[in-house]
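Reading the structure
Chain by chain, the residues run as shown.
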Amino acid sequence: GAGVSQTPSNKVTEKGKYVELRCDPISGHTALYWYRQSLGQGPEFLIYFQGTGAADDSGLPNDRFFAVRPEGSVSTLKIQRTERGDSAVYLCASSLGGQGNTGELFFGEGSRLTVL
Amino acid sequence: LAKTTQPISMDSYEGQEVNITCSHNNIATNDYITWYQQFPSQGPRFIIQGYKTKVTNEVASLFIPADRKSSTLSLPRVSLSDTAVYYCLVGPMDSSYKLIFGSGTRLLVRP
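Parameters at a glance
Residues numbered from 1 in each chain as written. Chains lettered and ligands numbered in written order. Predicted model: local features only at pLDDT ≥ 70, side-chain atom pairs only at ≥ 80, totals over all residues. Heavy atoms only, no water. Pairing = 2+ DSSP bridges. Helix = DSSP H or I, 4+ residues; strand = E, 2+ residues; numbered from the N terminus. Axes fitted to C-alpha atoms, helices over the stretch in contact; angles between N-to-C directions.

1. Some details on the sheet that holds strand β1 (residues 9-13) of chain B
All names here are of chain B. Taken in spatial order, the five strands make up an open sheet running β1-β9-β8-β3-β4, and their pairing is mixed. Sheet topology places β1 and β4 (45-50) at the edges, where each strand pairs with a single neighbour. Direction aside, neighbouring strands of the sheet carry axes that sit 25° apart on average. With three bridges connecting them, strand β8 (residues 84-92) and strand β9 (residues 105-110) associate as antiparallel partners. Bridge pairing links Ala84 to Leu107 in β9.

Here you go:
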């Protein structure tokens, strides 16, 4: 597809379980971002990839959260031992990055995570 | 990164012009000003970006005074479909461009 694709669109899990959220960025975009958005709030930065490496993971709230992008395209956000406070919409975005950066991020529709 | 302040909410009517002002007193020399729009159940969408003076595209205009300590997003002749949250962001447009969102302005357009 032409846009950023995120799966699943909705995920309901129980406290303590492990969750993976997937992001497929726009083809050719080297930069990839994960954000988290709680109800009524703006998106909160989690992590930024340039290529395969995490250039900035300062937004990850704790060591239960981890993200990978092994081939510089698809990324997976992994959450261990989920807690009710992890419930939110997880947004992925991509951009040209590097010298081609225009400052415009393209967001997916998000994955809504509900931890019961 | 410079902090931004914008109204929590605004109301308007169809056909009116809407101006949303954002304050960014600590903007740095290499910072750009970017506005995003977000509809319910969707990710934010880029609207417009500028550095100084005025920028216009098919969707909106962005006015930036000489001191760059504020900016105004202008939406001409709004329609019901412009009801959304609008975010003002400030940051350097370098290779590690990272957007920091605030709470945004909730615009409600009434018939």
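2. Concerning unusual backbone geometry
Glycine aside, residues mostly have negative phi, and peptide bonds are mostly found in the trans state. Cis geometry marks the peptide bond from Thr7(A) to Pro8(A), where omega comes out at -10°. Its location among the elements puts Pro8(A) in the loop between β1 (5-7) and β2 (10-13). In this structure, Arg81(A) is a non-glycine residue whose phi angle is positive, near 45°. Tracing the sequence through the fold places Arg81(A) in the loop between β8 (75-79) and β9 (88-95). The residue Ser41(B) is not glycine, and still its phi comes out positive at about 65°.

3. Details of the sheet that holds β8(A)
Residue and element names in this part refer to chain A. One open sheet accounts for four strands, arranged β1-β3-β8-β7; its pairing is antiparallel. The strands lining the two open edges of the sheet, one partner per strand, are β1 and β7 (65-68). Neighbour-to-neighbour, the strand axes of this sheet turn through a mean angle of 15°, independent of strand direction. Bridge count for β1 against strand β3 (residues 19-24) is three bridges, and the pairing is antiparallel.

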